[in-house]
Amino acid sequence: MKISTEDWILLSVYLDGELSDSKATRLEQRLETEKSLAATYEQIKNTRTLLRRAPKIRAPRDFTLASQMVGQQHAESFWRGFNLFRLASAAATLLLVAFLIYDFSSVLVPPQFKQLAAPASQEESLAVQVEESQRETRGGSEADEQEEQLDVMTESEEMYQEEPVESVETREAEEGEAEKAIDQGKVPPPESGKLLDSDRPGEQPSVFSLPWLRIGEVILAVGAIGFGIAAWLVKRKHQ
Amino acid sequence: MNNLQEMIQEALAGNLDSFNRIVLEFQDMVYYQAYRTIGEPDAAEDATQEAFISAYQKLHTYRGGSFKSWLLRIVTNACYDEMRRRQRQPVAPLNPRDDDGEEFDSPGWLEDPGEKPEQFLQRAELSEAIQHCLDQLEVKFRTVVVLIDLQEFDYATAAEIMESPLGTVKSRLARARLSLQDCLQSFGELLPMDLRPDGEAKRI
């Protein structure tokens, strides 16, 4: 009678005393009644006995470690660590240099100041020209006239700032007429670029704004120095 | 056992001599495991040496418990690595060869001074027969047989060393024993009288 795989496993585990008590009792009852099972059990027992009688082979030599064996392995890990730190330090230094170049270029010619500087200087030059012309023409009644003109200019600016309802209505009417004229093709429309330029409030500041740039520079500087020191310490420890 | 723990602590502190005392204590067990798993003396030596180097470097990962199990886990992995490295080259004969390539009749490491020549021969032949049958098994079955039947570890320790569930160990061992039984019976005359198959014993 052929023995099933399950019975083989049961017999093998039972032989080693690793079967639970209840299972062992059931198997013992079967071993008393089933001759083929009992014969198989004897075969497994013989096989195990044979294997346990196998000569115990001794180590053919000593496997004690020499310092060079361990040192050789350490040397490999040393070079791995040393090169890693050295590479990290070099990378941090290169990045730091790039940051510094960007930083200096933005400080010397800040992009947001480039655009703002032009209209401001134009206004200043116009004011200087007005003052100079005032000085030249100043004297007697001419000076008074200039002052009156300046007063009128100031008043007109104030009027522009605090525009009365009437003037707004008048201007809307004028704009309506202008639009009609454009629609009829009598007058060419104004260039859109000019309208946008006058409305643009100014460019957004760059992502690399100065505080973040400085923080990045500090982190990179610390990293470059830190990794450099780590590489030096690894090398020193190895020596 | 306390002595072993002291040696481990000293080795952890960088004392190579202490670790070498551990090596001397366990090298027979480690080599035997490697030899029976791989089946080639040279490869077993390489695996054993690699295992001890690896054990020294990983000693800080030993967290108490059975040091023998921890060490044998490293040896088992070293054997697998060695076998992969050699890509299962044909098994070398058990007996080592001399400078002319001739096999020695009696390998020195099997010699027992108090043994008669015929007893030694029978023992060497039995060893060779067992190794031949072990080599026929898949490595996962071979490892469990070597641990439980040859090194005489219990199931739980074998499962710990192999990092396998207990059920897997039981199943593999039973299947391996079945294969070994069939193989060993073909060596009838080489087996001890009391362990030969019935027909063989009656005939003699």
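Residues numbered from 1 in each chain as written. Chains lettered and ligands numbered in written order. Predicted model: local features only at pLDDT ≥ 70, side-chain atom pairs only at ≥ 80, totals over all residues. Heavy atoms only, no water.

We now examine the overall build of chain A. Regarding its fold elements, chain A presents nine helices and zero strands. The linear arrangement of helices and strands in chain A, starting from the amino end, is α-α-α-α-α-α-α-α-α. Within chain A, the fraction of its 239 residues that count as buried is 20%. Of the roughly 18,000 Å² that chain A leaves accessible, carbon and sulfur atoms contribute 58%. (Helix = DSSP H or I, 4+ residues; strand = E, 2+ residues; numbered from the N terminus. Buried < 20%, exposed > 50% of the residue type's maximum accessible area, 1.4 Å probe, protein only. Areas by Shrake-Rupley, 256 points an atom, 1.4 Å probe, with all protein chains shown as cover.)

Examined against the element boundaries, Leu84(A) turns out to sit in helix 4 (residues 67-108). Between the alpha carbons of Leu84(A) and Ala231(A) there is a distance of 8.1 Å; along the sequence they are 147 residues apart.

Residue and element names in this part refer to chain A. Within this structure, the stated rule accounts for 17 salt bridges over all chains. As a salt-bridge pair, Arg-30 and Asp-7 come within 3.0 Å of each other at their nearest N and O atoms. Linking Arg-30 in helix 2 (residues 21-33) with Asp-7 in helix 1 (residues 5-15), this pair joins segments that are 23 residues apart in sequence. In this structure Arg-30 comes out as partly exposed when scored by relative accessible area, which is 27%. (Salt bridge = Lys/Arg side-chain N within 4 Å of Asp/Glu carboxyl O.)

Next up on the list: helix 3 (residues 41-57) of chain B. Taking 1.5 Å per residue as the helical rise, helix 3 of chain B with its 17 residues ought to reach 24 Å, and the 24 Å between its terminal C-alpha atoms agrees with that figure. For helix 3 of chain B, the buried fraction is high: 13 of the 17 residues fall into the buried class. (Expected span 1.5 Å × (residues − 1).)

Contacts between the two partners involve 46 residues from chain B and, on the opposite side, 35 residues from chain A. For the pairing of chain B and chain A, the buried interface totals around 4,100 Å² over both sides, and the portion due to carbon and sulfur atoms is 64%. Counting across the chain B and chain A interface gives two salt bridges. A salt bridge links Asp16(A) to Arg177(B); the shortest N-O distance between them is 3.0 Å. Where chain B meets chain A, there are 14 residue pairs in polar contact (both at pLDDT 80 or more). Of all the elements in the fold, those that place two or more residues in the side of chain B that touches chain A are helix 2 (16-38), helix 3, helix 5 (117-135), helix 6 (139-150) and helix 8 (166-185) of chain B. The element best represented in the side of chain B that touches chain A is helix 2 of chain B, accounting for eleven residues. Of the residues contributing to the side of chain B that touches chain A, the split by class is 26 nonpolar, eight polar and twelve charged. (Contact = heavy atoms within 4.5 Å. Buried area = accessible area lost by both parts, 1.4 Å probe. Polar contact = N/O pair within 3.5 Å; in protein donor to acceptor, adjacent residues only side chain to side chain. Nonpolar A, V, L, I, M, F, W, Y, C, P; charged D, E, K, R; others polar.)

Residues and elements named next belong to chain B. According to the stated counting rule, one finds one disulfide over all chains in the structure shown. Here Cys-133 is linked by a disulfide to Cys-183, with a sulfur-sulfur distance of 2.0 Å. As the torsion about the S-S bond is roughly -80°, the Cys-133-Cys-183 disulfide counts as left-handed. Taken together, the residues Cys-133 in helix 5 and Cys-183 in helix 8 connect sequence positions 50 residues apart. Of the two residues, Cys-133 and Cys-183, neither departs from the other in class, the shared state being buried. (Disulfide = S-S within 2.5 Å.)

Let us now look at the packing of helix 3 (residues 35-52) of chain A against helix 6 of chain B. The contact between helix 3 of chain A and helix 6 of chain B brings their axes to 9 Å, and the two run at 85°. One element, helix 3 of chain A, and the other, helix 6 of chain B, form an angle in the roughly perpendicular class. Facing helix 3 of chain A, whose interface residues are Arg48(A), Leu51(A) and Arg52(A), helix 6 of chain B presents Val145(B), Ile148(B), Asp149(B) and Leu150(B). (Axes fitted to C-alpha atoms, helices over the stretch in contact; angles between N-to-C directions. Parallel < 35°, antiparallel > 145°, perpendicular 65-115°, else oblique.)

Now for the nonpolar core. The nonpolar side chains of soluble globular proteins are, as a tendency, buried together. The biggest cluster of nonpolar side chains holds 80 residues, and the ones touching the most others in it are Phe19(B), Phe67(B), Leu71(B) and Val145(B). If you tally residues by element for this core, the top one is helix 2 of chain B, at twelve residues. (Core = buried A, V, L, I, M, F, W, Y, C linked by side-chain atoms within 4.5 Å.)

What follows deals with a nonpolar patch on the surface. Residues Ile225(A), Ile229(A), Trp232(A) and Leu233(A) make up a contiguous nonpolar surface patch of about 420 Å² in total accessible area. Within the element layout of this structure, Ile229(A) appears in helix 9 (residues 210-238). (Patch = residues over 30% accessible without salt bridge, like charges linked within 9 Å, V, L, I, M, F, W, Y side chains within 5 Å.)

Let us now look at the confidence of the model for chain B. Residues and elements named next belong to chain B. Of the residues in chain B, 75% have a pLDDT of 70 or more, and the chain-wide mean is 82. Considering only residues more than four positions removed or in separate chains, one finds that residues 91-99, a stretch of pLDDT under 50, has 25 contacts. Both confidence scores are given for the complex: pTM 0.57, ipTM 0.77. (pLDDT = per-residue confidence, 0-100.)

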